[in-house]
Amino acid sequence: MFAKNALSLDGSISNLSSGLSLPNDRTIKISVITGPSTGFTHRLTKAKTSIGQVGCSADIEIDDPQISALHCVIGVTNDMVRLCDLDSANGTCVNGERVQAVELEHLSEFRVGSTWLIVTIVPKHFMDSTSF
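What you see is a predicted model; the values in this text were computed from it and never measured. (Residues numbered from 1 in each chain as written. Predicted model: local features only at pLDDT ≥ 70, side-chain atom pairs only at ≥ 80, totals over all residues. Heavy atoms only, no water.)

**Description of the overall build of the protein chain**
Part 1 of the reasoning: If you tally the helices and strands in the protein chain, you get one helix and eleven strands.
Part 2 of the reasoning: Each helix and strand of the protein chain, placed in order from N terminus to C terminus, yields the pattern β-β-β-β-β-β-β-β-β-β-β-α.
Part 3 of the reasoning: Every one of the 132 residues in the protein chain was classed for burial, and the buried ones make up 45%.
Part 4 of the reasoning: Partitioning the intrachain contacts of the protein chain with sequence separation of at least 6 by distance along the chain shows that 43% fall at a separation of at least 24.
Part 5 of the reasoning: Here the protein chain displays about 6900 Å² of accessible surface, and carbon together with sulfur accounts for 49% of that area. (Helix = DSSP H or I, 4+ residues; strand = E, 2+ residues; numbered from the N terminus. Buried < 20%, exposed > 50% of the residue type's maximum accessible area, 1.4 Å probe, protein only. Contact = heavy atoms within 4.5 Å. Areas by Shrake-Rupley, 256 points an atom, 1.4 Å probe, with all protein chains shown as cover.)

Here is the structure:
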């Protein structure tokens, strides 16, 4: 799973330079499925990706006034995608419950502010042979 010090016991991401890396064999995308930025898709190109309000220097910027400047972060290892809230004002929700940290799988949905997002994790050979 995660390398030592990549995640603390409470699930928060710490020492992010340790243990995080994008998998070589899969492509991970985050797509907005409802909310003001519906249709926006971001392919993860680094092991730590922040999500936040437009104009606030997040890696993924979403135009939703209910999202904090830096709302949450996604950390990736070769075998795990983990979502961690960054003490946002309105929280990060998965399956209708506010979470601090949670593991995401293919087609996991989560909410930040009034925006719903979905995670897709597919083999790279699949992405290379389709028009995604």
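More follows now that the structure is in view.
**Quick word on unusual backbone geometry**
Part 1 of the reasoning: Despite not being glycine, Ser-57 has its phi angle at roughly 70 degrees, a positive value.
Part 2 of the reasoning: Considering the arrangement of structural elements, one finds Ser-57 in the loop between strand E3 (48–53) and strand E4 (60–62).
Part 3 of the reasoning: On the basis of relative accessible area, Ser-57 is assigned to the exposed category, the value being 67%.
Part 4 of the reasoning: Backbone geometry at Asn-95 places phi at a positive 55 degrees, although glycine is not the residue there.
Part 5 of the reasoning: Its location among the elements puts Asn-95 in the loop between strand E7 (92–94) and strand E8 (97–99).
Part 6 of the reasoning: Here Asn-95 falls in the exposed class, since its relative accessible area comes to 71%.

**Remarks on the side chain of Ser-68**
Part 1 of the reasoning: Relative to the elements of secondary structure, Ser-68 occurs in the loop between E4 and strand E5 (72–77).
Part 2 of the reasoning: Judged by relative accessible area, which is 17%, Ser-68 ranks as buried.
Part 3 of the reasoning: In this structure the side chain of Ser-68 is engaged in a polar contact, spanning 3.1 Å, whose partner is the backbone nitrogen of Ala-89.
Part 4 of the reasoning: Each residue touching Ser-68, except ones within four places of it in the same chain, is listed here: Gly-52, Gln-53, Ser-88 and Ala-89. (Polar contact = N/O pair within 3.5 Å; in protein donor to acceptor, adjacent residues only side chain to side chain.)

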